[in-house]
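The chain contents come next:
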Amino acid sequence: MAVTTRTAKLVSNFEYEFGGPVGALLTTILLPVVTVLLTSWASLGRVDLDGVTDPDVLCPGCDEEEGRLTLLRCAAAVVGWFLFQGLLERFLPCEIVEGGVLKGGPNEHGERRLKYRINGHLAFWATLLFVEVGWPSMVQVGEVTRRGPPPRTVLQFGRAPLGLLYDYHAELAVATVVLCVVLSSYLYLRSHYRPGLLLAEGGNSGNPLYDFFMGRELNPRWGSFDWKEFCELRPGLIGWALLNVAMAVKQQEKLGYVTGSMALVNVFQFMYVWDALYQERAILTTMDITTDGFGFMLCFGDLAWVPFTYSLQARYLVDHDPHLGWPALGAVIVTNALGYSIFRGANGQKDAFRRNPSDPKVSHLTYLQTERGTRLLTSGWWGMARKINYTGDWIMGLSWCLLCGAGSIVPYYYAIYFAILLVHRSIRDDHMCQAKYGRDWDEYKRIVPYRFIPGVV
Ligand code: NDP
C-alpha cells in the first residue's frame, strides 16, 4: 500500500533521465545495433591464414538456412552459459551477506535488508577450471578390425573449443541481445502482476517505454536468487574474461604465438574482472544495486554490452595486431598501473573507511560529518577530487585501447564511450547526493571543488 501511494506521488512530479521516453526508446534500439556493429567492425577486412580477405561477418560463408541454424545454436549456447552460471551461483559454497537498508522498504516480505549469496569469485575460478579441463565430448576409440573389439564411443573431458567464440562472436552477441529483451520483458510484466513489490523510484514513471528501459522492480528475485546481482557480476563479466581468452587462443592458432598486446590486454582485463568478483560484496552498496531498477538498461548493459564490446580490443588484436615494441608496451604498462593504483586506492579507501573508520589504514583521514549520519571523506584520494575513482578507471580503459596501436578508431570506442558514461554517471550521482545530503553536499563540494582531476576539472 505504501508503495502504491509513493508511486502515485512520483508519477506526477517525475524527473526523467536519459532523455526521457524518447531517449529510452532510442537507446533501447540503438545500443544493440551498435553492439553487433562493433563486433563486426572489429573483424572487417580480416585476412585469413591463406591470405584471402573474408568480407562476410555474420556466419562467414553460410547460406540462409545454415545461418538460421547457426543462430539457433548460438542461442542455445547463450542460454546454456546463463544456466551454467546460475547453477554455480546456487550450488557452490557461499557466504551470506546482507545488503544495505532497502530504499523505500521494507519489501513485500517485510525485509529491510536483502541477503545475498556471495560466491562470484569461486564461480569465476570454477568456470576457468571447467573450460580448461572439464569440457565433455564424445570420442570414438579403437579401430574397425576383423578380430578385435568394435570401436566404442566414450565420454572424455578436456579443454573447451574456445576458438568458436571468435568464429561466432557476432552471432553470440545477437543471441544475447534477444535473451536480454526476453528477460527484461518478463521482469517488466511481472512487476505489474505481483502486488506490493518494492519499486525503483527512477523506473516508475507510468510511461511503459521509459519504465521498461529503467526497470520498475528494485530487486527482482526468485526466492533467494537475485536477478540483478547475478547479472551484474556473473554471465557478463565472466563471459568477458572468457571471450578474451578465446581471442588469445584464436591468435595463437592463426599466428602460432600470442603477441605482447594480446597477452597484456588479457592480463589487464582479467585483473579487472577478478577484482570485481573478489570484491563482490562491494557491489551491494553501488547505485546499480541500491537505486536503479532492473530493466533493459542494466540487463542489456550487464549481459550483452559488457562482454561483447569490452572484449573488442582482444577481438581486434586477433586480426590487426600492431606488434608494438617494448618501449610502447612499457608505456602502456605504466599507464595501466597508474590507473589501477588510483582506481583501487580510491575505492578501497572509501570501502575501508565506511566499514571501519578506526582502521589504521584510514583513521588519519579527515571527513565531514553529515546530518544524515554518514561521513564524507575530505582527504586522501577523496580529498583530491570527488570522482577520482572514475578517473583511475578511465585511465585503465585508455591503456587497453592503446595496446591496439593507431590503425583504427574501433578499439578506442571503449575510451570514448566510457568517458561519456562516467561523466553522465557522475552527474547522476552528484544529483542524488545533493538530494541525500542537502547543505552538507554543498559544503563537501566547497572543500573538494574538483570532480575528476585535481586543479583541472
Ligand atoms: P562511487 O563508488 O563513486 O560511489 C558513489 C557514492 O559514494 C556516493 O553516492 C556516496 O554515497 C558515496 N560517497 C561519495 N563521496 C564520498 C566521500 N567523499 N566519502 C565517502 N563516501 C562518498 O560510485 P559508483 O558506484 O558509480 O562506482 C564504483 C566504481 O565502479 C567506480 O570506480 C567506477 O569507475 C566503476 N564503474 C565501472 C563501470 C564499468 O562499466 N566498467 C560502470 C560503473 C562504475 P553514500 O554517501 O550514500 O554512501
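Residues numbered from 1 in each chain as written. Predicted model: local features only at pLDDT ≥ 70, side-chain atom pairs only at ≥ 80, totals over all residues. Heavy atoms only, no water.

Undergrad: Before we move on, can you summarise the pattern of salt bridges with the specific residues and values?
TA: Scanning all chains against the criterion turns up 21 salt bridges. The partner of D292 in a salt bridge is R428, with the nearest N and O atoms 2.9 Å apart. Highlighted residues: D292 in the loop between α11 (287–290) and α12 (296–310) and R428 in helix α17 (residues 413–437), separated in sequence by 136 residues. Each member of the pair D292 and R428 is classed as buried. Across the salt bridge formed by R446 and E443, the nearest N and O atoms sit 3.0 Å from each other. (Salt bridge = Lys/Arg side-chain N within 4 Å of Asp/Glu carboxyl O. Helix = DSSP H or I, 4+ residues; strand = E, 2+ residues; numbered from the N terminus. Buried < 20%, exposed > 50% of the residue type's maximum accessible area, 1.4 Å probe, protein only.)

Undergrad: Pulling in residues and values, what's your account of the site of the ligand?
TA: As a matter of local geometry, the ligand sits amid 25 residues, with R354, Y390, D393, R425 and Y437 nearest to it. Between the ligand and N347 there is a distance of 2.9 Å, counted from an oxygen atom to a side-chain nitrogen or oxygen. Taking L377, its main chain carries an N or O atom lying 2.9 Å from a nitrogen atom of the ligand. Taking 930 Å² as the accessible area of the ligand by itself, protein coverage stands at 85%. Where the shell around the ligand is concerned, the elements lending two or more residues are α14 (326–355), β8 (375–377), α16 (388–402) and α17. By residue number, the principal contributor to the shell around the ligand is α17, which donates eight residues. For the shell around the ligand, the per-class residue count stands at 13 nonpolar, three polar and nine charged. (Near = heavy atom within 4 Å. Polar contact = N/O pair within 3.5 Å; in protein donor to acceptor, adjacent residues only side chain to side chain. Areas by Shrake-Rupley, 256 points an atom, 1.4 Å probe, with all protein chains shown as cover. Nonpolar A, V, L, I, M, F, W, Y, C, P; charged D, E, K, R; others polar.)

Undergrad: Tell me about the confidence of the model for the chain, and please be specific about residues and values.
TA: Averaged over the chain, the pLDDT score is 90; the fraction of residues at 70 or greater is 93%. Contacts from residues 1–10, a stretch scored under 50 in pLDDT, to residues over four places away or in other chains number ten contacts. When the criterion is pLDDT under 50, residues 45–58 qualifies, and its contacts beyond four places in sequence or with other chains add up to 25 contacts. (pLDDT = per-residue confidence, 0-100. Contact = heavy atoms within 4.5 Å.)

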